[in-house]
Amino acid sequence: MGKYELISRYLSEFLSQEVLKTGLKKVVVGLSGGIDSAVVAVLAHRAFGDDLLCVKMPSHYSSQSSLDDADELCTSFSLRSETRSIEPMLRAYETPDMSPLRVGNLSARLRMVTLFDISAREGALVLGTSNKSELMLGYGTLYGDLASALNPIGDLYKTEVFELARYLGVPNSIIDKPPSADLWAGQSDEAEIGYPYADLDRVLKCYVEERHTREEMITDGENPELVDMIVTRIYKNQFKRKMPVIAKLTSRTVNHDFNYPRDITL
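Residues numbered from 1 in each chain as written. Predicted model: local features only at pLDDT ≥ 70, side-chain atom pairs only at ≥ 80, totals over all residues. Heavy atoms only, no water.

**Observations concerning the packing of aromatic side chains**
Two descriptors summarise a pair of aromatic rings, namely the distance from one centre to the other and the angle between the planes of the rings. Counted under the stated rule, the structure contains one aromatic pair. Here Y207 and Y235 contribute two aromatic rings whose centre-to-centre distance is 6.5 Å and whose plane-to-plane angle is 85 degrees, an arrangement assigned as edge-to-face. With a gap of 28 residues between them, Y207 in helix α10 (residues 197–209) and Y235 in helix α12 (residues 224–236) connect regions that are remote in the sequence. Y207 sits in the buried class, given a relative accessible area of 19%. (Phe/Tyr/Trp six-rings, centres within 6.5 Å; stacked < 30°, edge-to-face > 60°. Helix = DSSP H or I, 4+ residues; strand = E, 2+ residues; numbered from the N terminus. Buried < 20%, exposed > 50% of the residue type's maximum accessible area, 1.4 Å probe, protein only.)

**Some thoughts on the environment of P224**
Here P224 shows up in helix α12. Looking at P224, the relative accessible area reads 37%, which means it is partly exposed. For the pair P224 and R214, spaced 10 residues apart in sequence, the C-alpha separation works out to 8.3 Å.

**Notes on helix α7 (residues 158–168)**
Those residues of α7 that fall on the buried side of the exposure criterion are K158, E160, V161, F162, L164, A165 and L168. Two residues or fewer after α7 comes G169, characterised by a positive phi angle close to 85 degrees.

**Focus: the nonpolar core**
Among the nonpolar cores identified, the biggest contains 37 residues, and V39, L73, L164 and V170 are the most heavily contacted of them. Secondary structure elements with two or more residues in this core: α1 (3–21), β1 (26–30), α2 (35–48), β2 (52–56), α3 (64–77), α7 and α8 (172–175). If one sorts the elements of this core by residue count, α2 sits on top with nine residues. Ignoring sequence-local partners within four residues, the contact set of L73 consists of L31, A38, A41, V42, L79, V170, P171 and I174. If you look at the next biggest cluster of nonpolar residues, it comprises 19 residues, including I193, Y195, L226 and V227. (Core = buried A, V, L, I, M, F, W, Y, C linked by side-chain atoms within 4.5 Å. Contact = heavy atoms within 4.5 Å.)

**Side note on unusual backbone geometry**
Even without being glycine, R211 reaches a positive phi, approximately 60 degrees. Here R211 lies in the loop between α10 and α11 (214–219). Since its relative accessible area comes to 71%, R211 is described here as exposed. Of note, the phi angle at N255 is positive, near 70 degrees, even though the residue is not glycine. With respect to the helices and strands, the residue N255 is situated in the segment after α12.

**A word on the sheet that holds β1**
Across the sheet, four strands lie side by side as β3-β2-β1-β4; this open sheet has parallel pairing. Each edge of the open sheet is held by one strand with a lone partner, namely β3 (81–83) and β4 (124–126). Across the sheet, the mean angle from the axis of one strand to that of its neighbour is 25 degrees, orientation sign disregarded. With three bridges connecting them, β2 and β3 associate as parallel partners. Residue pairing across strands places V55 opposite E82, the latter belonging to β3. (Pairing = 2+ DSSP bridges. Axes fitted to C-alpha atoms, helices over the stretch in contact; angles between N-to-C directions.)

**Side note on α2**
Counted at 1.5 Å a residue, the expected span for α2 with its 14 residues is 20 Å, and the 20 Å between its end C-alpha atoms agrees. Across the 14 residues that make up α2, a large majority, 11, are buried. (Expected span 1.5 Å × (residues − 1).)

**Examining the packing of α7 against α10**
At their nearest, the axes of α7 and α10 sit 8 Å apart, and the two run at 115 degrees to each other. Residue-level contacts link K158, T159 and E160 of α7 to Y197, A198, D201 and K205 of α10.

**Thoughts on the pattern of salt bridges**
Applying the stated criterion to the full structure yields 18 salt bridges. The salt bridge involving R121 is made with E122; its shortest N-O contact spans 2.8 Å. Linking E215 and R214 is a salt bridge whose minimum nitrogen-to-oxygen distance equals 3.9 Å. Connected through shared salt-bridge partners, R80, E82, R84, R121 and E122 make up one network. (Salt bridge = Lys/Arg side-chain N within 4 Å of Asp/Glu carboxyl O.)

**A look at the pairing of β2**
Burial within β2 is extensive, with five of its five residues counted as buried. Every second residue of β2 is oriented toward a common face, with L52, C54 and K56 on one face and L53 and V55 on the other, all of them buried. The handedness of the β2 to β3 crossover, carried by α3, is right-handed. (Right-handed = clockwise from strand over helix to strand, strands pointing away.)

**Here we look at the side chain of T141**
Looking at the element boundaries, T141 is found in the loop between α6 (132–137) and α7. We classify T141 as buried; its relative accessible area is 4%. Excluding its chain neighbours within four sequence positions, the residues that come into contact with T141 are N105, A108, R109 and L146.

In short, geometric facts, not functional conclusions.
Structure below.
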């Protein structure tokens, strides 16, 4: 059995088991036309079939190619889907002085508001689509794209998501285009971060998985600026990877010493 056959089987089973533990049977995922949400959708469809609902949430900044790519994925895999534009909500709040970053963060949060409302209508859990590269670097919006009930690809680096996508048969139109959150016109993940994912993932794996020190990586030939950027972002964005910190006052405090498995039953 090949690496990505094993991974795809494991992740589909992970989704199935974790959702069933909650007593629910359905899931929803925001489908952007990008590679991360495409991979999550295909994995979820393997686990849930038509109990998966893909939700396309374009705004006036969304590119037509992203919408076309999302439609192609739905057609290729017979995915059940619906479209809910966030444009009216975004226009109602947006002002001329808003920076692209603010517009992007607001868009991500409006999409998640929409997705969680649909999940309540459907009696479903929301699936996350953030990969490990994004999570480690803090490249995501708190309570936006980082919000979910389950995330099947959060332990896969971006380059691994590309490889899994190829194994799963995701259309080349999605695999071959530059990664983008599509939050404003012309936005590019790699341009925004400043380095290609191949370089980012190589250093991330050395630091996170192999536990090399900064000095060891630089001695091995890595760019000091790249290494320092990655290490700084990992620690600076730790708060995005944790539940809100609660000030401890009693003998048993949530997330301190009142911890139970999420699947505990009485």
